[in-house]
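Spelled out from the first residue to the last, the chains are:
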Amino acid sequence: MKNLLIAIAVVVVLALMGGCSYNGMVKSDENVQGKWGEVQTQYQRRSDLIPNLVSTVKGEANFEKGTLTEVTNARARATSIQVDPTKLTPEAIQQYQQAQGQLSTALGRLLVASENYPTLRANDAFRNLQVQLEGTENRIGVARRDFNESVQAYNSKIRTFPANITAKIFGFAVKGYFQSDAGADKAPKVAF
């Protein structure tokens, strides 16, 4: 009888620990999904600014058409990649990040090329759009950092004992991080 009571007590304690772990994992998973939503919101904000920027630049009659086409195509590719917030695998994050990186590169080329057009740089709408894009890039950086922090907390929670047992039982899987872009570890060379 005594052994039966001890066994029941152990089962009850394990069930309570598992329940607490499960609830904590659900909260962490929801936090990760919320942070992912913020990342997508900021990328969408940038994507929404691009048509206005392209329209403003098109007003400059002899601007490089290839650059404008590249920006438009990169935007189309970036907005076509959708990631299910319940399946934030490292591969899905990498695919999304790669498409967004191509758009960032195309935008960078557009802004560099615009330096050759003094009338465009003097255009108030263009300057305003540049400022908005710069602010949006900063927001994207903050959203990505917040996302990575929430993923780190989630991954730590599901990988530590005894919560890792509950995670395996209920199918909680490790989520992917945003990685820095290739070559970001090297400082750019500035020559005058």
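Rules of the game
Residues numbered from 1 in each chain as written. Predicted model: local features only at pLDDT ≥ 70, side-chain atom pairs only at ≥ 80, totals over all residues. Heavy atoms only, no water. UniProt positions renumbered as here; feature names shortened; annotations may be inferred. Patch = residues over 30% accessible without salt bridge, like charges linked within 9 Å, V, L, I, M, F, W, Y side chains within 5 Å. Areas by Shrake-Rupley, 256 points an atom, 1.4 Å probe, with all protein chains shown as cover. Salt bridge = Lys/Arg side-chain N within 4 Å of Asp/Glu carboxyl O. Helix = DSSP H or I, 4+ residues; strand = E, 2+ residues; numbered from the N terminus. Expected span 1.5 Å × (residues − 1). Buried < 20%, exposed > 50% of the residue type's maximum accessible area, 1.4 Å probe, protein only. Arc of directions from axis to C-beta. Core = buried A, V, L, I, M, F, W, Y, C linked by side-chain atoms within 4.5 Å. Contact = heavy atoms within 4.5 Å.

- As annotated in an unreviewed UniProt entry, the protein is LemA family protein from Mucilaginibacter terrigena.
- Word for word, the UniProt comment on the protein under Sequence similarities (unreviewed entry) is "Belongs to the LemA family."
- Here is the UniProt Subcellular location (unreviewed entry) comment for the protein, exactly as written: "Membrane".

## A word on a nonpolar patch on the surface
Okay, so step 1: A cluster of nonpolar side chains, namely Y22, V26, F161, I165, I169 and F170, defines an oily patch on the protein surface of about 620 Å² accessible area.
Okay, so step 2: Among the elements of the structure, α1 (2-58) and α6 (163-170) are those that each provide at least two residues to the nonpolar patch.
Okay, so step 3: The greatest single-element share of the nonpolar patch, amounting to three residues, is contributed by α6.

## Focus: helix α2 (residues 65-80)
Okay, so step 1: In this model, α2 (16 residues) spans 23 Å end to end at C-alpha, consistent with the 22 Å of a helix rising 1.5 Å per residue.
Okay, so step 2: Among all positions in α2, only T67, L68, V71, A74 and A78 are buried. Seen along its axis, α2 keeps its buried residues to an arc of 130°; they face one direction. Every exposed residue of α2 that faces more than 90 degrees away from the buried side is listed here: G66 and S80.

## Section: the nonpolar core
Okay, so step 1: Counting residues in each nonpolar core, the largest one holds 40 residues, and the members touching the most others are W36, L107, F147 and F178.
Okay, so step 2: Those elements that provide at least two residues to this core are α1, α2, α3 (90-113), α5 (124-159) and α6.
Okay, so step 3: Per element, the largest residue contribution to this core is 10 residues, and it comes from α1.
Okay, so step 4: Those residues within four positions of F178 in sequence are excluded, and the remaining contacts are W36, V39, Y43, I93, Y96, Q97, R144, F147 and N148.

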